[in-house]
Amino acid sequence: MNTGRKIRKFNPGTLQPDDEVREQFVVRQHEFDIVLEILRGNIDVSSCQHVLVVAPRGRGKTMLLARVAAELRANPDLSGSLLPVRFMEESQEIFTLADFWLETLFHLARESEARNPEFARELRETYTALTGRWGEQTLEEQARAAVLEAANRLGKKLVLMVENLQSLCKDVDGDFGWKLRGVLQSEPQIMLLATAISRFKGLDDAQEPFFELFRIVGLEPLSTEECRDLWQVISGDTVSKREMRPLEILTGGSPRLLVIVAGFGQHRSLRQLMEELVTLIDAHTEYFRSNMEVLAKTERRVYIAVIDLWQPSTTGAIAARARMDVRAVSALLGRLTDRGAVIWKGSGKKRQYVAAERLYSIYYKLRREHDEAAVVQNLIHFMVAFYSDSELAEMSDAFIAEAAQSRAIREGIKRAVAELPELDRIFSDMRRPGMEGAQPGKVELSGSLTVTDNEAAERLLQELFATFEKGEFEKVLETVDQVFAARSANLPRVPESLIARALLIKAMAYKELDDFQAAIVAYGEVVTRFGASDSPEVQGLVAWALGGKGDAERERGELGAAIAAYDEAVTRFGASDSPEVQGPVARALRRKGDAERERGELGAAIAAYDEVVTRFGASDSPEIQGSVAWALSSRGDAETERGHTEEALHTCEELERKLDSLPDGEKTEFEWQVRCMRTRALLIQENSRAAMEAFRSAYDVFVPDKMMSEMLHFVPDLIATGASAPDLVEILSSDKAKSETLRPLIVALCEYDTGEAEGAPEEVREVAADIIERIEQRIEARALKEGSSVY
């Protein structure tokens, strides 16, 4: 873990040196530049442009003002003409315009203290004298005159930085706004840089004093890239877009919430955040509670309905959840919007409301259910169910490992899967029985072990495998190094197969820790120590080691070295007729084809797949027949990719003839594969009607909790190849149960086709946006490919 900077969650700029504020200002550079440009343009004009920064709480309004103030003090081009005067975040003492000018004097004295203490003393004396005249009718004029005189003596314009303008305007006298507008429009020495948590009504009403007075600068939710930038500064670590997107969705792109979340990511494992989130909620309970307690009883009831519903919801849905009249709820939602507690999107009957700070939903569910696992369950729903991206499969092993160590995570996963069975793909998709190619290098080590006089070694091996399955990879490495090292005096009494299996587990543990070079060395140790064995069982393990070495080289991007390792497995053991050896050899050949395809050598890839079919097509072993089926499926994909669609269609027929020889679980998987392959080939042939019928037949055997990842890759490819989005939507919507699991995909197709996705929750639309981005990437990649001559 790297060490990042500590960034203020609340009250940035208060008692902070300017250089620290500048260092911690990571995002909002564009808005900062806009504000500075406006202020710079006010220097030499007789009527200033005033600015209002509008955004819900936690979006960075206070930090932006602190950064502007720091710049006005440090930048020589600005400091000679402009002086920042920052009010408190909540101006509790302002009820009249006289109060406003007195507060200006107070904060101006504070601002002047460091550079001109004598002047600051005079201002404080003036402030004290004026506050003693609170009953005089001319107090307002005297206070305003004192402020203007101070500006003239300084030879600078005053930039009054006032936060939560919407709250201030509710508490003041009725003529406050009109009087302030008159001063702001007539006195060039005064400019107002204010913030508001929402675009309150007075801004758009021609009968109100602030109508068209301000240049509005909005702070939108942080983009994925901005979230990554902020996370890197907080944590010192760089994370991928894929890792950041769930947190962006969770926090709604709120800088404050991202800082809060990052503060508990001590190990910088985003997956560990599930467990640490409970501590986060506990640490900020007072913050959540205080913000809810300030709401009136009926407002709180409506707000609780909003955060419990979680997703953007209509007034009717919120009213039903709150068990209140729709008209009353509509009025209360308006108040909550003005407070900045709720934000809305859409208009008229399509308007939907959601909590401005989404973490409140988790807070409420934790407090309501009194259960850590409930938080984990809800977080999994949020990060996984809504963010249905195939890349999440890469996280499955780490989720399983953490679940082994945390009862809350384990129970939360169990509940989430029970409620939405399609979530099971995240935790089981990598380990489907018989699908040995789904995870490179995964070897089933729990096969039959011959009992010897060293039964303790066998039990230790079984415990070692169980430790690996729990995700305790460091413990695996320590145990193997202690017990199965080459120098151990006990090894002569331990069968070679046990030692080889232990070393394979060690190599796999290194791979899980992403130490691929160490994994290659460990696989190599198996080959060196046991490569000369004449035992079919040990030869099979050596062949597995060579295949695992090739997989690790592929992970490093060394495709040439990977192919060499696969070739060595075939050269050494290709002539063996032992099923224990043929299995890993068939797999090595197939993986060689994958590596050739990965480096663009489609002809060599097809040749490798053909060799698997030729060598092992008549085998009676179900495991080997699985490799043959995978080779045929991969060959068909490569033929399609090469543009040889007729050959691909013949491969479909060949694979279909193999289906009855496969176990039921694998048969369904390959029925799906072959029908997808036929769809793609027919689409390339521009036979759209036949292609859609093939896709419909593929959808018939689609199993959401096993094939979701493939579907989310497949459909964007079909769009890029020329499929009609409405046709795909019609097919995907034909099965109600399946279509519910594919909602983000269907929303993405609708939005891609028409630009609209009515009624979709915001989180689903965000996932849909990612899918649309993937579609566009596929289209661009296909255009580039068709413009080249590589085939």
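Keep in mind that this is a model prediction, so the values were computed, not measured.

Thoughts on the overall build of the protein chain
In step 1: Within the protein chain, the secondary structure is distributed over 39 helices and 7 strands.
In step 2: Buried positions account for 56% of the 791 residues belonging to the protein chain.
In step 3: Long-range pairs, those at least 24 residues apart, make up 69% of the contacts in the protein chain with a sequence separation of at least 6.
In step 4: When the accessible surface of the protein chain is summed, it comes to about 34,400 Å², and 47% of that surface belongs to carbon and sulfur atoms.

Observations concerning the packing of helix α33 (residues 664-684) against helix α34 (residues 688-700)
In step 1: Interaxial distance between α33 and α34 falls to 8 Å at its minimum, and their mutual angle equals 165°. For the element pair α33 / α34, the angle class is roughly antiparallel. As for how α33 packs across α34, the hand of that crossing is left-handed. Seen from α33, the contacting residues are W672, R675, C676, R678, T679, L682 and L683; seen from α34, they are S688, A690, A691, A694, F695, S697, A698 and D700.
In step 2: For the contact of α33 with α34, the residue count by class is 9 nonpolar, 3 polar and 3 charged.

Topic: the packing of helix α35 (residues 704-721) against helix α38 (residues 743-754)
In step 1: Packing of α35 against α38 brings their axes to within 11 Å, and their N-to-C directions diverge by 15°. One element, α35, and the other, α38, form an angle in the roughly parallel class. α38 is crossed by α35, and the crossing has right-handed handedness. Seen from α35, the contacting residues are M711, L712, V715 and I719; seen from α38, they are L745, L749 and Y752.
In step 2: By residue class, the composition of the contact of α35 with α38 is 7 nonpolar, no polar and no charged.

Thoughts on the nonpolar core
Soluble globular proteins: nonpolar side chains tend toward being buried together.
In step 1: Residues V526, F530, V542 and F616 are the most contacted members of the largest nonpolar core, which totals 69 residues.
In step 2: Discounting residues that sit within four places of it in the chain, F616 has contacts with Q582, V585, A586, L589, I624, Q625 and V628.
In step 3: Of all hydrophobic cores here, the second largest spans 44 residues; its members include V85, A98, L105 and V147.

So, the pattern of salt bridges
In step 1: Overall, the coordinates contain 39 salt bridges when judged by the stated rule.
In step 2: Close ionic contact of R335 with E299 constitutes a salt bridge, the shortest N to O distance being 3.9 Å. Placement of R335 in helix α17 (residues 326-339) and of E299 in helix α15 (residues 297-309) is noted, with a sequence separation of 36 residues between them.
In step 3: Judged by its relative accessible area of 45%, R335 falls in the partly exposed class.
In step 4: In this structure E299 comes out as buried when scored by relative accessible area, which is 5%.

Some remarks on the pairing of strand β2 (residues 82-86)
A regular strand carries its side chains on alternate faces of the sheet.
In step 1: Burial of β2 is extensive: 5 of the 5 residues sit out of reach of the surface.
In step 2: Across the two faces of β2 the burial is the same, with L82, P84 and R86 and L83 and V85 all buried.
In step 3: Of the strand pairs in this sheet, β2 and strand β3 (residues 157-162) are connected by 5 bridges, and their pairing is parallel. Each residue of the ladder has a partner; that of L83, found in β3, is L158.

Here we look at the sheet that holds β3
Each strand in a sheet pairs with another by means of backbone hydrogen bonds, the pair being arranged parallel or else antiparallel.
In step 1: Strand order across the open sheet formed by 5 strands is β2-β3-β4-β1-β5, with parallel pairing between neighbours. Taken across any chain shown, the strands that pair with only one partner, and hence form the sheet edges, are β2 and β5 (214-218). Taken pair by pair, the neighbouring strands of this sheet meet at an average axis angle of 20°, ignoring direction.
In step 2: Relative to strand β4 (residues 190-196), strand β1 (residues 50-54) runs parallel, the two sharing 4 bridges. Across the sheet, residue V54 finds its bridge partner in β4, namely A196.
In step 3: With respect to the sheet, helix α5 (residues 97-112) is in contact with β2 and β3, its orientation differing from that of β2 by roughly 115°.
In step 4: Against the sheet, helix α7 (residues 139-154) makes contact with β2, β3 and β4, and its axis sits at roughly 130° relative to β3, the strand it touches most.

Comments concerning the environment of V53
In step 1: Structurally, V53 can be placed in strand β1.
In step 2: Residue classification places V53 among the buried residues on the basis of a relative accessible area of 0%.
In step 3: For V53 and A194, which are 141 residues apart along the polypeptide, the C-alpha to C-alpha distance reads 6.2 Å.

Points about α35
In step 1: Where α35 bends most, at E710, the angle is about 40°.
In step 2: Counting buried positions over the 18 residues of α35 gives 13, a clear majority of the element.
In step 3: Looking at the residues trailing α35, positive phi occurs at G722, about 120°.

A closer look at unusual backbone geometry
In step 1: Phi is positive for D514, which is not a glycine, with a value near 65°.
In step 2: Relative to the helices and strands, D514 resides in the loop between α25 (496-512) and α26 (516-530).
In step 3: A residue is classified by how much of its surface remains accessible, and D514, at 56% relative accessible area, is exposed.
In step 4: Even without a glycine there, the phi angle at E686 is positive, about 65°.
In step 5: Mapped onto the secondary structure, E686 falls in the loop between α33 and α34.
In step 6: Note on E686: relative accessible area 70%, which makes it exposed.

Side note on helix α9 (residues 176-186)
Working note: α-helix, 3.6 residues per turn, so residues spaced by three or four point in the same direction.
In step 1: What α9 keeps buried is the set F176, G177, L180, R181, V183 and L184. Along the long axis of α9, the arc covered by the buried residues comes to 165°, so they all point the same way.
In step 2: Among the structural elements, β1, α5, α7, α8 (165-171) and β4 are those in contact with the buried residues of α9.

A few points about the confidence of the model for the protein chain
In step 1: The pLDDT averaged across the protein chain works out to 81; a share of 80% of its residues lies at or above 70.
In step 2: Within the model, pLDDT remains below 50 along residues 384-392, and this stretch shows 34 contacts once partners closer than five positions in the same chain are excluded.

Side note on the packing of aromatic side chains
In step 1: Considering all chains together, one arrives at 12 aromatic pairs under this definition.
In step 2: With centroids separated by 5.5 Å and ring planes inclined at 55°, the aromatic side chains of F25 and F32 adopt a geometry described as tilted. One exposure class covers both F25 and F32, and it is buried.
In step 3: Site record: aromatic cluster; members linked through ring pairs are W672, F695, Y699, F702 and F714.
In step 4: The positively charged end of R351 is found above the aromatic ring belonging to W344, 3.5 Å away from the centroid.

Basis of the calculations
- Residues numbered from 1 in each chain as written.
- Predicted model: local features only at pLDDT ≥ 70, side-chain atom pairs only at ≥ 80, totals over all residues.
- Heavy atoms only, no water.
- Helix = DSSP H or I, 4+ residues; strand = E, 2+ residues; numbered from the N terminus.
- Buried < 20%, exposed > 50% of the residue type's maximum accessible area, 1.4 Å probe, protein only.
- Contact = heavy atoms within 4.5 Å.
- Areas by Shrake-Rupley, 256 points an atom, 1.4 Å probe, with all protein chains shown as cover.
- Axes fitted to C-alpha atoms, helices over the stretch in contact; angles between N-to-C directions.
- Parallel < 35°, antiparallel > 145°, perpendicular 65-115°, else oblique.
- Left-handed = near helix turned anticlockwise from the far one by under 90°.
- Nonpolar A, V, L, I, M, F, W, Y, C, P; charged D, E, K, R; others polar.
- Core = buried A, V, L, I, M, F, W, Y, C linked by side-chain atoms within 4.5 Å.
- Salt bridge = Lys/Arg side-chain N within 4 Å of Asp/Glu carboxyl O.
- Pairing = 2+ DSSP bridges.
- Bend = angle between axes of the 7 residues up to and from the residue.
- Arc of directions from axis to C-beta.
- pLDDT = per-residue confidence, 0-100.
- Phe/Tyr/Trp six-rings, centres within 6.5 Å; stacked < 30°, edge-to-face > 60°.
- Lys NZ or Arg CZ within 6 Å of the ring centre and 35° of its normal.

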